[in-house]
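In case you want the letters, here they are:
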Amino acid sequence: MEPMNFNFLCGDPPPPSGISVGIIGAGPSGLAAAGYLSCLGHAVEVYDKMPRPGGLMLFGIPGHRIPRQRIEAGTLRLARRYGVIFHTHTKICCSAPLFEEEGDHFCNEVKGLGDMIKKHEAIMIATGSWRSRRLGIPGEDLPGVLAGLQFLFPIRAAHYCAPGVKAPDVAGRRVIVIGAGHSAVDVAHGAVALGAASVDMLYRRTRAEAPCGALEIDRLEAAGVIWHEGCLPQAVLGERAVSGLAYRQGGQEKTLPADLLVAAIGEVATPPFAKELGLESVRKGEVRWLNMTAIDNVFVAGDALTGPSKIGKAIYSGLRAARSLAQWLDLKAQNRQTEFAGDELISREADRFPGGEFRDAPRVRGR
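The rules behind the values
- Residues numbered from 1 in each chain as written.
- Predicted model: local features only at pLDDT ≥ 70, side-chain atom pairs only at ≥ 80, totals over all residues.
- Heavy atoms only, no water.
- Axes fitted to C-alpha atoms, helices over the stretch in contact; angles between N-to-C directions.
- Helix = DSSP H or I, 4+ residues; strand = E, 2+ residues; numbered from the N terminus.
- Parallel < 35°, antiparallel > 145°, perpendicular 65-115°, else oblique.
- Left-handed = near helix turned anticlockwise from the far one by under 90°.
- Contact = heavy atoms within 4.5 Å.
- Nonpolar A, V, L, I, M, F, W, Y, C, P; charged D, E, K, R; others polar.
- Phe/Tyr/Trp six-rings, centres within 6.5 Å; stacked < 30°, edge-to-face > 60°.
- Buried < 20%, exposed > 50% of the residue type's maximum accessible area, 1.4 Å probe, protein only.
- Pairing = 2+ DSSP bridges.
- Disulfide = S-S within 2.5 Å.
- pLDDT = per-residue confidence, 0-100.
- Lys, Arg positive; Asp, Glu negative; His and termini not counted.
- Salt bridge = Lys/Arg side-chain N within 4 Å of Asp/Glu carboxyl O.

**Q** Would you explain the packing of helix H1 (residues 28-38) against helix H3 (residues 68-82) in this entry?
**A** When two helices pack together, their arrangement is captured by the angle between the axes and the distance separating the axes. Relative orientation of the contacting elements H1 and H3 amounts to 20°, with a least axis distance of 11 Å. Between H1 and H3, the angle is such that the two are roughly parallel. Two packed elements cross with a definite hand, and for H1 against H3 that hand is left-handed. The segment H1 lies against H3, with Leu 31, Ala 34, Gly 35 and Ser 38 engaging Thr 75, Leu 78 and Tyr 82. Counted by class, the contact of H1 with H3 contains four nonpolar, three polar and no charged residues.

**Q** For this particular structure, what's the right way to read the packing of aromatic side chains?
**A** In this description, a pair of aromatic rings is defined by centroid distance and the angle of the planes. Using the criterion set out here, one finds four aromatic pairs in the structure. Seen in terms of ring centroids, Trp 130 and Phe 153 are 6.1 Å apart; in terms of plane orientation they differ by 85°. Their pairing is edge-to-face. With Trp 130 in the loop between strand E6 (122-125) and strand E7 (131-132) and Phe 153 in helix H5 (residues 148-157), this residue pair connects regions lying 23 residues apart in the sequence. For Phe 153, a relative accessible area of 1% gives the class buried. Ring geometry for Tyr 203 and Trp 227: centres 6.1 Å apart, planes at 40°, overall tilted. With Tyr 203 in strand E10 (residues 198-203) and Trp 227 in strand E11 (residues 226-229), the pair connects residues that are 24 residues apart, well separated along the chain. Both residues of the pair, Tyr 203 and Trp 227, count as buried. Cluster of aromatic residues (ring-pair linked, three or more members): Phe 59, Trp 130 and Phe 153.

**Q** What should I look at first to understand the sheet that holds strand E17 (residues 298-300) in this one?
**A** Hydrogen bonds between backbone atoms are what pair the strands of a sheet, whose relative direction is either parallel or antiparallel. Read across the open sheet, the five strands follow the order E3-E2-E1-E6-E17; overall the sheet is parallel. Each of the sheet's edge strands pairs with one partner strand only, and the pair in question is strand E3 (85-87) and E17. Averaged over all pairs of adjacent strands, the angle between their axes in this sheet comes to 20°, without regard to strand direction. Sheet topology places strand E2 (residues 43-47) next to E3; three bridges connect them, and they run parallel. What sits directly across from Tyr 47, in E3, is His 87.

**Q** Even after reading the chapter, I still don't get the state of the cysteines, so can you show me in this structure?
**A** Two cysteines whose sulfur atoms are joined by a covalent bond form what is called a disulfide. Enumeration according to the criterion identifies one disulfide in this entry. The disulfide partner of Cys 10 is Cys 39, and the gap between their sulfur atoms is 2.0 Å. Given an S-S torsion of about -70°, the disulfide between Cys 10 and Cys 39 has left-handed geometry. Of this pair, Cys 10 sits in the segment before strand E1 (20-24) while Cys 39 sits in the loop between H1 and E2, placing them 29 residues apart in sequence. A residue is classified by how much of its surface remains accessible, and Cys 39, at 12% relative accessible area, is buried.

**Q** Teacher, can you tell me more about the packing of H1 against helix H10 (residues 311-333) here?
**A** It is the contact of H1 with H10, at a shortest axis distance of 7 Å, that shows an interaxial angle of 40°. Overall, the two elements H1 and H10 adopt an arrangement that is oblique. H10 is crossed by H1, and the crossing has right-handed handedness. Across the interface between the two elements, Pro 28, Ser 29, Ala 32, Ala 33, Tyr 36 and Leu 37 from H1 touch Ile 311, Ala 314, Ile 315, Ser 317, Gly 318, Leu 319, Ala 322, Arg 323, Leu 325 and Ala 326 from H10. Of the residues contributing to the contact of H1 with H10, the split by class is 12 nonpolar, three polar and one charged.

**Q** Even after reading the chapter, I still don't get the confidence of the model for the chain, so can you show me in this structure?
**A** Regions with low pLDDT should not have their predicted coordinates read in detail. In the predicted model, the chain carries a mean pLDDT of 86, and 88% of its residues have values of at least 70. Note that pLDDT drops below 50 for residues 341-367; the model gives that stretch 61 contacts with residues more than four away or on any other chain.

**Q** Got a minute to help me understand H5 in this structure?
**A** Given 3.6 residues to a turn, an α-helix orients residues that are three or four positions apart in the same direction. The buried fraction of H5 amounts to eight of the 10 residues, a majority that puts the element mostly inside the structure. Along H5, the residues classified as buried are Gly 148, Leu 149, Phe 151, Leu 152, Phe 153, Pro 154, Arg 156 and Ala 157.

**Q** How do you make sense of the side chain of Asp 48 when you look at a structure like this?
**A** One can find Asp 48 in the loop between E2 and helix H2 (56-59). Here Asp 48 is buried and forms no salt bridge, its nearest opposite-charge partner Lys 49 lying at an N-O distance of 7.4 Å. If we ignore the near neighbours within four places in the chain, the residues touching Asp 48 are Gly 25, Ala 26, Gly 27, His 87, Thr 88, His 89 and Thr 90.

**Q** I'm lost on the environment of Ala 210 in this one. Help?
**A** Within the secondary structure layout, Ala 210 lies in the loop between E10 and helix H7 (214-222). Using a relative accessible area of 8% as the deciding quantity, one classes Ala 210 as buried. Apart from residues no more than four positions distant in its own chain, Ala 210 is found in contact with Ala 180, Tyr 203, Ile 217 and Trp 227.

**Q** For this particular structure, what's the right way to read the sheet that holds strand E15 (residues 260-263)?
**A** A sheet is described by the order of its strands in space; here five strands give the open sequence E8-E15-E9-E10-E11, paired in parallel fashion. In this open sheet, the two edge strands, each paired with only one partner strand, are strand E8 (145-147) and E11. The sheet shows a mean angle of 20° between the axes of neighbouring strands, taken without regard to direction. Note that E10 and E11 share four bridges and pair parallel. Within the sheet, the bridge partner assigned to Met 201 lies in E11 and is Trp 227. Across the face of the sheet, H5 comes into contact with E8 and E15 while running at roughly 75° to E8.

**Q** Would you mind showing me how to read the pairing of strand E14 (residues 252-257) here?
**A** Successive residues of a regular strand alternate their side chains across the two faces of the sheet. With six bridges joining them, strand E13 (residues 242-249) and E14 adopt antiparallel strand pairing. Its bridge partner being in E14, Ala 246 is matched across the sheet by Thr 255. Between E13 and E14, which pair antiparallel and follow one another directly, the connecting turn spans two residues, one of which, Gly 250, has a positive phi of 60°.

So this is what it looks like as structure tokens:
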């Protein structure tokens, strides 16, 4: 099985540049940045709280979509052939308390962002999306109500024998899945595979509008999942544990019994020190250098900047930010930072990110 090639921009490893770069987060964006920067000869160190690099590619997406072996072989190639150093079980702290995000219980060491800035010439923040969205309805704190990531993460993480991590107990239970993205599809398939007595999937819009696509819904129905569309959850039912869901469909109030309810409605980004780094300004393009935060030499990429996205977009963001970081370091080495046209605001990342008219990196006078 071919490994994922994060160093596709170069062949043999180049001579060392003498520059050290730290990358916070080993998901698709961070690994793409590591591949780009190691192809320039920079000494790259990647910090991640998980026991293996790969982020949600490894710990959130089922193996039938992205084989675990390809990811692990690709990161091993980064380490052995291009000298990338991975610091696993390590979290760079942090705006939120520990254990508020999935995967924090893997963390054995906590480092400060200030320590990273002192150690490396530049930093890339690519921390991904590790906190699930909430439904915002009564009863969602009842035992038996899980977020999509809470359901999927242990299934993959259990492979690494983490203490206290085990696959959810689904066998013989009635399961409701709320959502219609790929995460919701993966939850539904996972519930079926784990022996659920029944699986009902509820979505607020129609089959044609489902983000996962109609084909995925056809496959779910073939596996025994019951599809409900036009459903607006109103409240989780139950006293000591979930017993069902109240929802509105076509102007009617309805209920559905359940022993387990999974709200797979997406995740939110979890970058450290978002306010201090001025990430909102970076999103708006109100910066003097593409992807650079309010702190010189500290850059941001992927979900940490744009919010949850697909893997291809996260990889693109990591590559683009890595190129910007490398160009910035080149200017610093020549003491030419002031040549940048500071009155030119970088266009909004949100406008550039989805596709279409991508502009190149900011132009530098004299080049």
